[in-house]
Amino acid sequence: MTAGLWQNWVLPGIWITVQLLVYSTVLAAVVAFGVGAARTHRSRTVRFLAGAYTEIFRGTSALVLMFWLFFVVPPLMGWQLVPMWAAVLALGLSYGAYGAEIVRGALNAVPKAQREAGVALSLTPWERMRLILLPQAVPEMIPPFCNLLIELLKGTALVSLLGVGDVSFAAYLVRLATQESAQIYTISLVIYFLLALAVTRSMKALERRTKRNIGIEPEPGLLGGMLSRRAGAETAGATVTGGAAK
């Protein structure tokens, strides 16, 4: 593969994929926290509307929704969405519905006594959510959010069907130009893997930070665990040796 193909198609494709991921993640996060919090609201009407949204967008295909926003909405509304924003809307709304269930489950997992303590302190519902519920729920949301974010990253490949020049579309163009499939699709797999790895490492760091903020010592990573076990074994060995010497 030539340097021109990298500069003109592959590298711009990586940048577009990153933009799609960031924009869709922001929209999905807003939807997830808004709808997820609404699922725990006292009002039955609010809970019903939030539940209806979740069921509708979880039960529809993100790809079909993308096509619907791009091909059906313009004749109905009289304005045209560019492919990039049709893709962002479809991915953000769809994956936000999945995220809403994560938020709902994490909020409901906070002990009831914590809510009652907020009421006893005369905190408003927003203050209870901001000061009591979210600080305890967010660390529990991050691992499933990490999985969802990686799925969203892989879902960005759907936008190639609208002609958006992401990694998948760039790989398709390179294959047409070079008539070689193995090299470019192997490179595409590596690119998605590296992007997913960056997402995973970032979410792990965020999880450790949020746990420390509420006084929970996070579990050490793979390398940290190996070093801790090794240090523990050396300490135990030194203790046994010292005892034997006495």
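Per chain, residue numbering runs from 1 following the sequence as it is written. Whole-chain, interface and lining totals are the exception, using all residues; otherwise, since this is a predicted model, local features are given only for residues with pLDDT of at least 70 and side-chain atom pairs are given and counted only at 80 or more. Think of the side-chain values as coming from all heavy atoms in the structure, minus any hydrogens and water.

## As for the overall build of the chain
Alright, step 1. Counting secondary structure elements, the chain contains nine helices and zero strands.
Alright, step 2. Note on conventions: DSSP H or I runs of at least 4 residues are helices, E runs of at least 2 residues are strands, and numbering of each starts at the N terminus. Starting at the N terminus and walking to the C terminus, you meet the elements of the chain as α-α-α-α-α-α-α-α-α.
Alright, step 3. Remark: exposure states derive from per-residue accessible area (1.4 Å probe, protein chains only) relative to the maximum for the residue type, with buried under 20%, exposed over 50%, and partly exposed in between. Burial statistics for the chain: of 246 residues in total, 36% are counted as buried.
Alright, step 4. By the convention used here, residues are in contact when the closest approach between their heavy atoms is within 4.5 Å. For the chain, contacts bridging at least 24 residues in sequence account for 73% of all contacts bridging at least 6.

## So, the packing of aromatic side chains
Alright, step 1. Each Phe, Tyr or Trp ring (for Trp, its six-membered ring) is paired with any other whose centre lies within 6.5 Å, and the angle between the two planes then decides the class: stacked below 30 degrees, edge-to-face above 60, tilted in between. Taken as a whole and assessed by the stated rule, the structure comprises seven aromatic pairs.
Alright, step 2. Judged by centre distance (6.0 Å) and plane angle (40°), the ring pair of F33 and F145 falls under tilted. In this pair, F33 is assigned in helix α1 (residues 3–38) and F145 in helix α6 (residues 125–155), connecting sequence segments 112 residues apart.
Alright, step 3. Assessed through its relative accessible area of 33%, F33 is described here as partly exposed.
Alright, step 4. With a centroid separation of 6.2 Å and 50° between ring planes, the pair formed by Y95 and Y98 is classed as tilted. Linking Y95 with Y98, this pair stays in helix α4 (residues 83–109), spanning three residues, or about one helical turn.
Alright, step 5. Three or more aromatic residues link up through ring pairs in this structure, and these residues are F67, F70 and F71.

## Considerations on the pattern of salt bridges
Alright, step 1. Salt bridges, as used here, are contacts in which a Lys or Arg side-chain nitrogen is within 4 Å of a carboxyl oxygen on Asp or Glu. This structure, assessed with the given rule, holds five salt bridges.
Alright, step 2. One connected set of salt bridges, linked through shared partners, spans R39, E101 and R104.

## Describing helix α7 (residues 167–178)
Alright, step 1. Helix span, expected: 1.5 Å multiplied by one less than the number of residues in the helix. Here α7 is twelve residues long and its end C-alpha atoms lie 16 Å apart, about the 16 Å a rise of 1.5 Å per residue gives.
Alright, step 2. Where α7 is buried, its residues meet α1 and α8 (182–213).
Alright, step 3. Of the residues flanking the end of α7, it is Q179, one or two places downstream, whose phi is positive at about 60°.

## Observations concerning the confidence of the model for the chain
Alright, step 1. Per residue, pLDDT captures the predictor's confidence, and it can take any value from 0 to 100. With 88% of its residues at a pLDDT of 70 or more, the chain has an overall mean of 86.
Alright, step 2. By mean pLDDT, helix α9 (residues 222–245) is the weakest element of the chain at 52, and helix α2 (residues 44–58) is the strongest at 94.

## So, a positive patch on the surface
Alright, step 1. Nonpolar side chains (Val, Leu, Ile, Met, Phe, Trp, Tyr) are joined into patches within 5 Å and like charges within 9 Å, using only residues with over 30% relative accessible area and no salt bridge. Method for areas: the Shrake-Rupley scheme with a 1.4 Å probe, in which residue coverage is limited to the protein chains shown. Working convention for charge: Lys and Arg count positive, Asp and Glu count negative, and His plus the chain ends are omitted. Taken as the charge centre is NZ of Lys, CZ of Arg, CG of Asp or CD of Glu, depending on the residue. There is a patch of like positive charges on the surface, built from R201, K204, R208 and R212.
Alright, step 2. Following the sequence through the fold, R208 ends up in helix α8.

## Structural notes on the side chain of S24
Alright, step 1. Relative to the helices and strands, S24 is located in helix α1.
Alright, step 2. Two N or O atoms count as a polar contact when they lie within 3.5 Å, although within protein this holds only if one can serve as hydrogen donor and the other as acceptor, and sequence-adjacent residues are included solely when both atoms are side-chain atoms. A distance of 2.8 Å separates a polar atom in the side chain of S24 from the backbone oxygen of L20.
Alright, step 3. Setting aside chain neighbours within four positions, we find S24 in contact with V88, L91, G92 and L152.

## Description of the nonpolar core
Alright, step 1. For this analysis, a nonpolar core means a set of buried residues of the types Ala, Val, Leu, Ile, Met, Phe, Trp, Tyr and Cys, connected via side-chain atoms within 4.5 Å. Ranked by internal contacts, the top residues of the largest apolar core, which has 60 residues, are M141 and F145.
Alright, step 2. For this core, the elements supplying multiple residues, two or more each, are α1, α2, α3 (62–77), α4, α6, α7 and α8.
Alright, step 3. Those residues in contact with M141, other than ones at most four positions away along the chain, are F33, I102, V103, A106, L107 and L134.

## Section: the packing of α4 against α6
Each pair of packed helices can be described by the angle between their axes along with the distance between the axes.
Alright, step 1. Under this scheme, a helix contributes an axis fitted over its contacting stretch, all axes are lines through C-alpha atoms, and angles between N-to-C directions fall in the 0 to 180 degree range. The interhelical angle for the contact between α4 and α6, taken along N-to-C directions, is 140°, at an axis separation of 8 Å. Handedness of the crossing formed by α4 with α6: right-handed. On α6, the residues touching L91, Y95, Y98, G99, I102, V103, A106 and L107 of α4 are M129, L133, L134, A137, M141, P144, F145, L148, E151, L152 and G155.
Alright, step 2. When grouped by side-chain class, the residues that make up the contact of α4 with α6 number 16 nonpolar, two polar and one charged. When the near helix sits turned anticlockwise from the far one by under a right angle, the crossing is termed left-handed; a clockwise turn instead gives a right-handed crossing. Each residue is assigned to one class: nonpolar for Ala, Val, Leu, Ile, Met, Phe, Trp, Tyr, Cys and Pro, charged for Asp, Glu, Lys and Arg, and polar for all the others, Gly among them.

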